[in-house]
Amino acid sequence: MSRGRIRRAAGSPVVAAVVLLQAAVLALSLGCDGAAVTTDAEAEPDYREALSKSLLYFEAQRSGRLPYNQRVRWRGHSGITDGLQQGVDLVGGYYDAGDHVKFGLPMAFTVTMLSWGAIEFGDDIAAAGEWQHTLEAIKWGTDYFIKAHTEPFVYWAEVGDGDTDHYCWQRPEDMTTSRKAYRVDKENPGSDLVAETAAALAAASIVFRASNPHYSDILLHHAKQLFEFGDRYRGNYDSSIAEVRSFYASVSGYRDELLWAAFWLHRATGKEEFLRYAVDKADCFGGVGWAMTEFSWDVKYAGLQVLASKLLLDGDPQGKRHRVVLEQYKAKAEHYLCACLRLNNGSNVDRSPGGMLYVRQWNNLQYASSAAFLLTVYSRYLAGAGAGARLRCPDAPAVPPSELLALARSQAEYILGRNPLRLSYMVGYGPRYPAHVHHRAASIVSHKANNRFIGCMQGFDDWFARKRPNPNVLTGAIVGGPNCRDEFRDDRGNYVQTEACTYNTAPMVAVFARLHNLSTAAAEERCRPGTAPGLSAKCR
C-alpha cells in the first residue's frame, strides 16, 4: 500500500515587523504558569504537549519485545524471530511507517535526527521533562544497529519484504508475511546505508557520552567500522538489494552519506582525519557542488552543509585550517536556507497558500519538518556566533536568526493546526486530527483487547475497508499531510497523505522542545516585576 517512497533531489520574506508582532501575540498567549490565557488572537500551540506526544509515537513503532515501561499499551511483542532464519539476532528496531518492514536507511536517518536534536537542544528537552524518553527513543534504534552489524564488513539492511508485506493487512503481533533478512557486505556493498548508520551511531555517541560513557564508546566503535566499510567497498545499497528499490531507493547515491558520516565522526571524536576526508572529497562527492532544496532520508547534502557551517560560525581551530572549502560548504547551506525563506533570487522552495513548505506530493510534511529543524538549528548557530551574524541571501543580504526561527515556527504551527483546514496533522493533538491513518496496527483492534488471530485478507475485509476511525490512536505521528493547495482527504486508502513515518516526526522533537522553551521564557519575562501594566494584567 505505501509503496513508491522513491525521492529525487531536486513564502514571502519575513520582515522584522512581522516577527515582532508574532512575538507580541505569543507573549499574550500564555500565563505565568505556562497555561493558555484568552486573547483575541489564536492561542499558541502547546509545544510541550506536542513534544511529549511526538516521543510517544516512537513507542508505537517499536518492533521486538516491548519493555515493562511501554506506554503505548495497545501494542504487543512482534517480530520476535527476526533474523532466526539467517542465524542472527535482528529482534528490535523500528517499523518505518504503517507497514511491518524494517528498512535500514530511513531508520538510521530517524535516529540521526533524534540524536542531532538531543545534542543541540538537550537542555530544552530536559526542561520539558522529556530527556529520558528521548534517550529511550534513540537507544531503541542504536541497540538494533549494533545487532545488525554482525561483522566489520557485514550489515543487515532490511527485515521483511515490502511486496509481500503490502499485500497483507495485519497487526504486527499477527504477522505471517516473510521476515527474510537482507544484508550488505564486501561483495554486495551498501555505502549509503552503512554510512548513514555510522552517522546515527556517531551522533548518538555524543548524546550518551555523559550518562553512559561505556555505551557511547561502543556506539563510536561501530560507527568507525561502518564508515570504513562504506568507504572501502563503495556502492549503492539498492543495487545490492533489489527488494528495496520500490520503497527506499537511494536516488542521491552514497556520496552524501559518506560526507555526512565524516562530519558526524569528526564532531564525535574531534579527530581532524574525518574533517580532512570531508574537505578532500568536498568537490568530487558533491558537497560543495550540489545546491539543494530538500533535506530528507535520501538527500543529506543540506544537513552536512549546515554541520560544516557550524565549524566556521563557532570559530573552530580545525575549521579555520580548512576555511576555504568550508566556506563553500556554507554557501550551499545558505542556498538551502534562503530557498526556504524565499529569498534565493527565484530558486526557492514552493509554499502552499496556507504557508506550508512544499517539495512534492508524496508525504510532503517530511520535508517541512526537516526544513523546520535545519532552520531552527542554523538560527541557533547564527545567534551563537555574535550579534552581527546574519544569513546572506541574494534577496536579503543580512537575515537575522529570528527570521529563520519564525519560519520554523510557522511550519510547526501549520502541522499543529494553524492551517486552512484547522486540522492538526499530528495524530492525537488538538480537537481535530486524522482519524483514518494508514497504519496496520492502529487500524485493527488491539491484540490485547482481542487476541483472536487476524489473517491478511481478513484484515483488508474487516478493518482496512471500514469507514470508522481507527480503534487505536497513533498519538504523536505526523502524517504525510496535504497537497500543494492545502487539501487533505482523511482516508485510510489515501496513503500518500494519511501514512505517517518515523522521519516525519523525528526532526520535530527538537523543534517543539525549542519553541516550548522560548515560549516559557517569554511568559516569564512579561511577568517579571516592572512589566508594563497592560501586560501584567495577563499575569494575574
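Residues numbered from 1 in each chain as written. Predicted model: local features only at pLDDT ≥ 70, side-chain atom pairs only at ≥ 80, totals over all residues. Heavy atoms only, no water.

## Overview of the pairing of strand E2 (residues 155-159)
The buried fraction of E2 amounts to five of the five residues, a majority that puts the element mostly inside the structure. Of the strand pairs in this sheet, strand E1 (residues 102-103) and E2 are connected by two bridges, and their pairing is antiparallel. Bridge pairing in E2 links Lys102 to Val159. As judged from the four bridges shared by E2 and strand E3 (residues 181-184), these two strands associate in the antiparallel manner. Looking at E3, one finds that Trp156 is bridged to Arg183. (Buried < 20%, exposed > 50% of the residue type's maximum accessible area, 1.4 Å probe, protein only. Helix = DSSP H or I, 4+ residues; strand = E, 2+ residues; numbered from the N terminus. Pairing = 2+ DSSP bridges.)

## Some points on the nonpolar core
Core analysis: the biggest nonpolar cluster contains 164 residues, and Trp116, Phe263, Tyr329, Leu391 and Leu474 have the highest contact counts within it. When residues in this core are grouped by element, the largest group, 13 residues, is from helix H6 (residues 191-208). In this structure Trp116 touches Trp260, Trp264, Arg267, Phe295, Gly303, Val306, Leu307, Phe373, Leu374, Val377 and Tyr381, once residues within four positions along its chain are discounted. By size, the runner-up hydrophobic cluster in this structure holds seven residues, among which are Ile444, Val445, Ile454 and Trp463. (Core = buried A, V, L, I, M, F, W, Y, C linked by side-chain atoms within 4.5 Å. Contact = heavy atoms within 4.5 Å.)

## Looking at the side chain of Asn504
Tracing the chain through its elements places Asn504 in helix H20 (residues 502-526). Note on Asn504: relative accessible area 0%, which makes it buried. A polar contact of 3.0 Å, which involves the side chain of Asn504, links it to the backbone oxygen of Ile478. If near-sequence neighbours (up to four positions away) are discounted, Asn504 is found in contact with Asn363, Gln366, Ser369, Ile478, Val479 and Gly480. (Polar contact = N/O pair within 3.5 Å; in protein donor to acceptor, adjacent residues only side chain to side chain.)

## Re the UniProt feature "active site" (unreviewed entry) in the protein chain
UniProt's entry tags His438 with the feature "active site" (unreviewed entry), counted in the numbering of this structure. Assignment of secondary structure puts His438 in the loop between helix H16 (401-415) and helix H17 (440-443). Taking relative accessible area as the criterion, His438 reaches 0% and is therefore assigned buried. (UniProt positions renumbered as here; feature names shortened; annotations may be inferred.)

## Topic: the sheet that holds E1
Here three strands make up an open sheet; going across it, the order is E1-E2-E3 and the pairing antiparallel. Two strands in the sheet have a free side with no partner beyond their single neighbour: E1 and E3.

## A word on the pattern of salt bridges
Scanning all chains against the criterion turns up 27 salt bridges. Taking the shortest distance from any N to any O, the salt bridge between Glu173 and Arg75 comes out at 3.0 Å. Highlighted residues: Glu173 in the loop between helix H5 (162-165) and E3 and Arg75 in the loop between helix H2 (47-60) and E1, separated in sequence by 98 residues. The buried category is assigned to Glu173, whose relative accessible area is 17%. Taking the shortest distance from any N to any O, the salt bridge between Arg234 and Asp231 comes out at 2.7 Å. The class for Arg234 is partly exposed, based on a relative accessible area of 37%. Taking the relative accessible area as the measure of exposure, Asp231 reaches 22% and is therefore partly exposed. Salt bridges linked by common partners bring Asp82, Lys102 and Arg179 together as one network. (Salt bridge = Lys/Arg side-chain N within 4 Å of Asp/Glu carboxyl O.)

## Quick look at the packing of helix H14 (residues 323-341) against helix H15 (residues 365-384)
In the contact formed by H14 and H15, the axes pass within 11 Å of each other and the chain directions differ by 120°. Between H14 and H15, the angle falls in the class oblique. Where H14 crosses over H15, the handedness of that crossing is left-handed. Note on element contacts: H15 touches H14 through Ser370, Ala371, Leu374, Leu375 and Tyr378, opposite Lys330, Glu334, Tyr336, Leu337 and Cys340. Residue composition of the contact of H14 with H15, grouped by class: seven nonpolar, one polar and two charged. (Axes fitted to C-alpha atoms, helices over the stretch in contact; angles between N-to-C directions. Parallel < 35°, antiparallel > 145°, perpendicular 65-115°, else oblique. Left-handed = near helix turned anticlockwise from the far one by under 90°. Nonpolar A, V, L, I, M, F, W, Y, C, P; charged D, E, K, R; others polar.)

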